[in-house]
Amino acid sequence: DGGITQSPKYLFRKEGQNVTLSCEQNLNHDAMYWYRQDPGQGLRLIYYSQIVNDFQKGDIAEGYSVSREKKESFPLTVTSAQKNPTAFYLCASRLGRASGDRQPQHFGDGTRLSIL
Amino acid sequence: AQSVSQHNHHVILSEAASLELGCNYSYGGTVNLFWYVQYPGQHLQLLLKYFSGDPLVKGIKGFEAEFIKSKFSFNLRKPSVQWSDTAEYFCAVNYGGATNKLIFGTGTLLAVQP
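Residues numbered from 1 in each chain as written. Chains lettered and ligands numbered in written order. Predicted model: local features only at pLDDT ≥ 70, side-chain atom pairs only at ≥ 80, totals over all residues. Heavy atoms only, no water.

**Concerning the interface of chain B and chain A**
- Each partner contributes to the interface: chain B provides 23 residues, whereas chain A provides 24 residues.
- Of the roughly 1900 Å² buried between chain B and chain A, counting both surfaces, carbon and sulfur atoms make up 50%.
- Inspection of the chain B/chain A interface yields zero salt bridges.
- For the interface between chain B and chain A, the tally reads four residue pairs in polar contact (both at pLDDT 80 or more).
- For the side of chain B that touches chain A, the secondary structure elements donating two or more residues are strand S5 (32-38), strand S6 (45-50), strand S10 (87-94) and strand S11 (102-104) of chain B.
- By residue number, the principal contributor to the side of chain B that touches chain A is S5 of chain B, which donates four residues.
- Grouping the amino acids of the side of chain B that touches chain A by side-chain chemistry returns nine nonpolar, eleven polar and three charged. (Contact = heavy atoms within 4.5 Å. Buried area = accessible area lost by both parts, 1.4 Å probe. Salt bridge = Lys/Arg side-chain N within 4 Å of Asp/Glu carboxyl O. Polar contact = N/O pair within 3.5 Å; in protein donor to acceptor, adjacent residues only side chain to side chain. Helix = DSSP H or I, 4+ residues; strand = E, 2+ residues; numbered from the N terminus. Nonpolar A, V, L, I, M, F, W, Y, C, P; charged D, E, K, R; others polar.)

So, in structure tokens, the structure goes:
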């Protein structure tokens, strides 16, 4: 059964610690995305990657980092530089650029990060 | 700047009432339009999408949306809501180009009272 797996579902960390959120997909999608969801603000794009070994900053990339060493994996690191990291983080994927603009993004179940 | 606006942040309806959720986007040439739904405790799911052709598109669970180009709008409708439609609804726009980014609205939280 193909899909996007985000782990863990809930994550607690102390202030000042870096934390890495996992996102794995077995849909054979080229493009992957990380969003942050805050109440009343919708989804805001943090980083995205359209192909392996390449990624671009989204609208709110400060304090975050990503890597894309494998097609199926796109981990997000929330660094201590992120001023307000407590949020719900969503990972998404879609077929690649060759398929055009019309493919919808598919979403994982999300990770809720709380900084203590 | 490219942006998407959803005017209703919270909507409360009784079962069998009709629903219309507004979505407006800023001009950006050719766009692809989506509505996503997030049921409590679940992941975002695609409700419907519009790329071209008939401006009235039908999605899952009896939802439909109408693209009105002159108004830059893509409003979501359902003639008769059910308690199970309680969820958060997001409008999203893909402005195309090299980035293929989705711009999301702020979401509308719909509560349907039985």
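**Side note on the state of the cysteines**
Residue and element names in this part refer to chain A.
- Inspection of the entire model under this criterion finds two disulfides over all chains.
- Each disulfide pairs two cysteine sulfurs, and for cysteine 23 the partner residue is cysteine 91, the sulfurs being separated by 1.9 Å. Judged by the torsion about the S-S bond (-75°), the cysteine 23/cysteine 91 disulfide is left-handed. Remark: cysteine 91 occurs in strand S9 (residues 87-94) and cysteine 23 occurs in strand S3 (residues 19-25); sequence separation between them is 68 residues.
- Using a relative accessible area of 1% as the deciding quantity, one classes cysteine 23 as buried. (Disulfide = S-S within 2.5 Å. Buried < 20%, exposed > 50% of the residue type's maximum accessible area, 1.4 Å probe, protein only.)

**Looking at the packing of aromatic side chains**
- All chains considered together, the criterion is met by 17 aromatic pairs over all chains.
- Taking the centre distance of 5.8 Å and the plane angle of 40° together, the rings of tyrosine 35 of chain A and phenylalanine 107 of chain A count as tilted. You can see tyrosine 35 of chain A sitting in strand S4 (residues 31-38) and its partner phenylalanine 107 of chain A sitting in strand S10 (residues 106-107), a full 72 residues away along the chain.
- Take tyrosine 35 of chain A: its relative accessible area is 0%, and that puts it in the buried class.
- The class for phenylalanine 107 of chain A is buried, based on a relative accessible area of 6%.
- Between tyrosine 25 of chain B and phenylalanine 72 of chain B the ring centres are 5.7 Å apart and the planes differ by 90°, which places this aromatic pair in the edge-to-face class. You can see tyrosine 25 of chain B sitting in strand S4 (residues 24-25) and its partner phenylalanine 72 of chain B sitting in the loop between strand S8 (64-68) and strand S9 (73-78), a full 47 residues away along the chain. (Phe/Tyr/Trp six-rings, centres within 6.5 Å; stacked < 30°, edge-to-face > 60°.)

**Quick look at the pattern of salt bridges**
- One pass over the structure, following the stated rule, counts seven salt bridges over all chains.
- Here aspartate 30 of chain A ties to lysine 71 of chain A by a salt bridge, and the two come within 3.4 Å at their closest N and O atoms. Pair noted here: aspartate 30 of chain A is in the loop between S3 and S4 and lysine 71 of chain A is in the loop between strand S7 (64-66) and strand S8 (76-78), with a separation of 41 residues, a long-range link.
- Assessed through its relative accessible area of 31%, aspartate 30 of chain A is described here as partly exposed.
- For arginine 36 of chain A, the salt bridge identified is with aspartate 38 of chain A, shortest N-O distance 2.7 Å.
- Through salt bridges with shared partners, one network takes in Lys58, Glu64, Glu66 and Arg77 of chain B.

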